[in-house]
Structures are given as structure tokens and as C-alpha cells.
Amino acid sequence: MNEPPHASSRVTRDAGPPASRRSSRRTVLAAVAASTATAVPLLSAPPAAASPKRYHDQDLLHVGTWGQDQVHAVRFDPARATMTSLGAVAEVSSNWVAVHPTRPVLYAAGGEPGGFIRTFRIDDVSGALRKTGELETEAVQGSSGGLSYIGLTAEADTLLVADFATGSAATVPIRSDGVLGAVASSVQDTGSGPHPRQAGPHAHHVVVDPSGRFALVADFGADRVFVRDYDRTTHQLSARRPDGDGSYATAPGSGPRRLAFHPNGWTAYLLNELTADIEVLRWDAREGVLTPRRILTTNAPGHTGTTSAAELAISGDGRHVYTSNRGDNALVVFSADPRTGLLTEVQRLPCGGVTPWSFSLHPGGRWLFVANKGSGSVDLFRVDPRSGRLTGTGTSVAVPSPGCVSVRPARH
């Protein structure tokens, strides 16, 4: 998950358009309903003059920090394109943070051994966080590195967990009120790669496919995308066959990091960290199989030095794909062919800072927030929904070592 040394990129031709095992679980503290005894928010309640109506048209951003053991809050005003820091609102390890789509609940994934996930109640006026629960997801603790990603399913009924340290993926049920249940499943990855950082498996991302039948795990260390069966009723993922899992193998030393599905349901995009390229894949939802179609580099022409891609996202209409390149300190925008899903680079621009660890598209599709870890800033970009092109606004807010940004839209 740290910046790797140099590795070369690669490009291949298009292949053409397409015609659980359940592990033992160890839960230290089940996520429970709000308890005022568990934690006290760092940010005090707002003064009486700051009524909720004052912020009815402003969004809340919560920013996880890499190695700083804090979550910061930022108020975003889309009408004025301004961001206002609210400071640190929780003292907690936060490799990744995710917000519930309808409830004032934030989930924070820890970087320490144990695979800890903490839940917080969000105060929409002040941005303050009040801890409401804590869950340990690792049955057997791994080394340093901890969790690399958490995300919610489309139904917001399951939390998907990628554990970089142990090379495993887990699922946790989410109640209708946003409270977490006990760990439902955990499946161990296997394999390694030629890079010094690939001595063993390192799960980096988990996503459920559009059919809801499979969970795919991008494993940085194994140079694989593991395809797991997923049961929406039990919230469990499992190994697909007794003789081994279905998986897609990348080129040795690629370091798969992020995976996303196009709205057409049969196109997937895979971003590889160590080679800084993006693969266009065909997805067979009946068999749960990925096949390669095209690979494009995210490196600039004549690129030298560190090679490292980091983040991947698709616009809501599927017309544009966004990536970040940490080696070039750049954002790269691709257009997606509506018929084939194939990509064409349309823009490359500076990320507004140094080391774009991740970024988040605003749910409305008109803004993009970049967590520039090296420069300690979250930088705001305007998105043209027609062309997909980005424009730097010059607006930024200081946050120590920002790793990721969650967006809670304003409640009108």
C-alpha cells in the first residue's frame, strides 16, 4: 500500500468485444447501538446559533488519515465550491472510511493488527463523530498493514472488507439502522508475486458484481483477482470449488489494486498498482469468469521514476473512467465506448498536490475530491458531466496524510 519502486508499464491489443468456506470468527465487541460511555467526540457540539438549517445545503466530508490515527471532517459547499476544515473529529486508526448512504453512520477501518472496524454516529451539524461500536475481523492476526479497504454493497446491507495484512476478505452484515452484526464470513487468499512487496497474498479491494452472485477480490500480493461465490441472504462469501477458486491472473508483478464494473454489467476495469496500468476485462456473470480485452498505461509518455497507480472510479452513466497515478502526481481520465466499454484517454492533469492516494466522486457527479497524501491536502476538482474532463478549482483544505474521503450529501 506504500509507494513501490519503479516497475515498467505494458500495453497489449484488444481481444475484441464480447458477443465458502466459512472461517472461524473472533469478535471482540459486536457493533452495538449508540452508547455514550464508549467515546466522547473531539469536536464539541455547535453553538445554539448554528441551527441545522444553516447547513441544509452543504455536504460533510470525512477524511481518513494514513498513519495519523485521526479522522478529519470538512464541510463542502457545492454552490460556492468551498471546503471548510472542521478539524479532527476522532482519534482512531483510519486506513479507510466509508459512510452509510442513508444513515448518519461512518465506518473506519484500522491499520493495526486485528482488522478493527469502528462505527461512529455522525452529527450532521458539527461533523462530530461519536463512537458506537467496534469489531475485530481477523480470526488470526496478521502483520502490520491492517485493512486496506471497506465498502458497502449496493443494498447497504453488507460491509465488504479487504485485509491487506492477512491476505483475506471478509463480510459483515449491516442492520437497517447501520449497526454492524458479527463477521459473517472470511476467505483466505493464496499466492505471491515477484516483487519484494508480494511475498504473500495482500487483499486490496472487494466488490460484488452487478448480478449479486459473486464477490471479486483484487489481491495485490498474489497477482490475482479471486472470484468468490456470494450469498446475499446470508451475507457470506465462499470458495467456489473444492479444488480451488476461480481467479483471473494478471501479469507477474502487476499488483492488482482496484476493480470496478461498468453499468453494462459485462465490462470490468482493473487498476494495477505496480505497473500503473488499467485492464479492460470481459465479465461472464453466468460463469463468474473474467477474460482480458485490452490494457492501457496510466503513465505519462516518457515516464521515469516511481511507477504507482492508486485509485479507480466510473461515472454514474458509465461514460467516463477516472484513475490516479502516484508516480506522476496525476489524474488520468478515459472515455468509455458505450457499445464496447473500451477506453480512450481524454485527459491527463496534475492532481493538485503530491501522491494522490485516492479520490472520491461526489454522488451528484459534478465534483471530485482528491486525497493527496504527500502534500497533506484534499483538493477539489470540477467534473464536466458531458465530457468527463476535470478542472482544478484551486480549492483545497489541509489534512495530515489524507488517505481517503467519504461523502455524506446534504439532507435537504
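Quick note: structure is the one above.
Residues numbered from 1 in each chain as written. Predicted model: local features only at pLDDT ≥ 70, side-chain atom pairs only at ≥ 80, totals over all residues. Heavy atoms only, no water.

Asks: Would you mind showing me how to read the environment of N329 here?
Replies: Examined against the element boundaries, N329 turns out to sit in the loop between β22 (320-325) and β23 (330-336). Taking C-alpha positions, N329 is 6.1 Å from P350, a pair spaced 21 residues apart along the chain. If sequence neighbours within four positions are ignored, N329 has contacts with L349, P350, C351, G353, V354, T355 and P356. (Helix = DSSP H or I, 4+ residues; strand = E, 2+ residues; numbered from the N terminus. Contact = heavy atoms within 4.5 Å.)

Asks: When you look at the sheet that holds strand β2 (residues 71-77) in this model, what are you seeing that I'm missing?
Replies: Sheet strands associate in pairs through backbone hydrogen bonding, adopting either a parallel or an antiparallel arrangement. Strand order across the open sheet formed by four strands is β3-β2-β1-β29, with antiparallel pairing between neighbours. Where the open sheet ends on each side, the last strands, each with one partner, are β3 (82-90) and β29 (402-408). Taking the axes of each pair of neighbouring strands and ignoring which way they run, one obtains an average angle of 25 degrees across the sheet. Where strand β1 (residues 59-65) and β29 come together, six bridges link them in antiparallel fashion. Residue H62 lies in a different strand from β29, and its bridge partner there is S406. (Pairing = 2+ DSSP bridges. Axes fitted to C-alpha atoms, helices over the stretch in contact; angles between N-to-C directions.)

Asks: Where do I start with the sheet that holds β23 in this structure?
Replies: Across the sheet, which stays open at both edges, the four strands sit in the order β21-β22-β23-β24 with antiparallel pairing between neighbours. At either margin of the open sheet sits one strand with a lone partner, and together these are β21 (309-314) and β24 (343-350). Taken pair by pair, the neighbouring strands of this sheet meet at an average axis angle of 20 degrees, ignoring direction. In this structure, β22 lies alongside β23, joined through six bridges in antiparallel fashion. Considered in β23, the bridge of N325 is made with A330.

Asks: Help me out: how do you make sense of the pattern of salt bridges in this one?
Replies: It is possible for side chains bearing opposite charge to pair when their charged atoms get close. Evaluated as defined, the whole model comprises 15 salt bridges. One salt bridge in this structure joins R408 and D124, with 2.6 Å as the shortest N-O distance. Here the residue R408 occupies a position in strand β29, and D124 occupies one in the loop between β6 (116-122) and β7 (129-136), the gap between them amounting to 284 residues. Relative accessible area serves as the criterion here: at 32%, D124 is assigned to the partly exposed category. The partner of D328 in a salt bridge is R348, with the nearest N and O atoms 4.0 Å apart. With a gap of 20 residues between them, D328 in the loop between β22 and β23 and R348 in strand β24 connect regions that are remote in the sequence. Take D328: its relative accessible area is 23%, and that puts it in the partly exposed class. By sharing partners, the salt bridges in this structure join E112, R118, K131 and E134 into a single network. (Salt bridge = Lys/Arg side-chain N within 4 Å of Asp/Glu carboxyl O. Buried < 20%, exposed > 50% of the residue type's maximum accessible area, 1.4 Å probe, protein only.)

Asks: Whenever I open this one, unusual backbone geometry confuses me. Can you help?
Replies: Here the phi dihedral of A81 falls at roughly 55 degrees; this positive angle occurs in a residue that is not glycine. Here A81 is to be found in the loop between β2 and β3.

Asks: What exactly am I supposed to notice about the packing of aromatic side chains here?
Replies: Working definition: an aromatic ring pair is given by the centre-to-centre distance plus the angle between the planes. All chains considered together, the criterion is met by seven aromatic pairs. On the numbers, 5.7 Å between centres and 50 degrees between planes, the contact of W96 with Y149 is tilted. With W96 in strand β4 (residues 96-99) and Y149 in strand β8 (residues 147-152), this pair connects stretches of sequence that are 53 residues apart. A single burial state applies to W96 and to Y149, both of which are buried. Measuring from centroid to centroid gives 5.6 Å for F261 and W283, while their planes differ by 70 degrees, and the two rings are edge-to-face. (Phe/Tyr/Trp six-rings, centres within 6.5 Å; stacked < 30°, edge-to-face > 60°.)

Asks: Looking at this structure, I do not really get the nonpolar core. What am I missing?
Replies: What tends to happen in soluble globular proteins is that the nonpolar side chains get buried as a cluster. In this structure, I150 and L159 are the most contacted members of the largest nonpolar core, which totals 44 residues. Among the elements that line this core, the one with the most residues is strand β5 (residues 105-109), at five residues. Ignoring sequence-local partners within four residues, the contact set of I150 consists of W96, A98, Y107, A108, A109, I117, L159, L160 and V161. Counting 16 residues, the second-largest nonpolar core is a separate cluster that includes A276, I314, V321 and L343. (Core = buried A, V, L, I, M, F, W, Y, C linked by side-chain atoms within 4.5 Å.)

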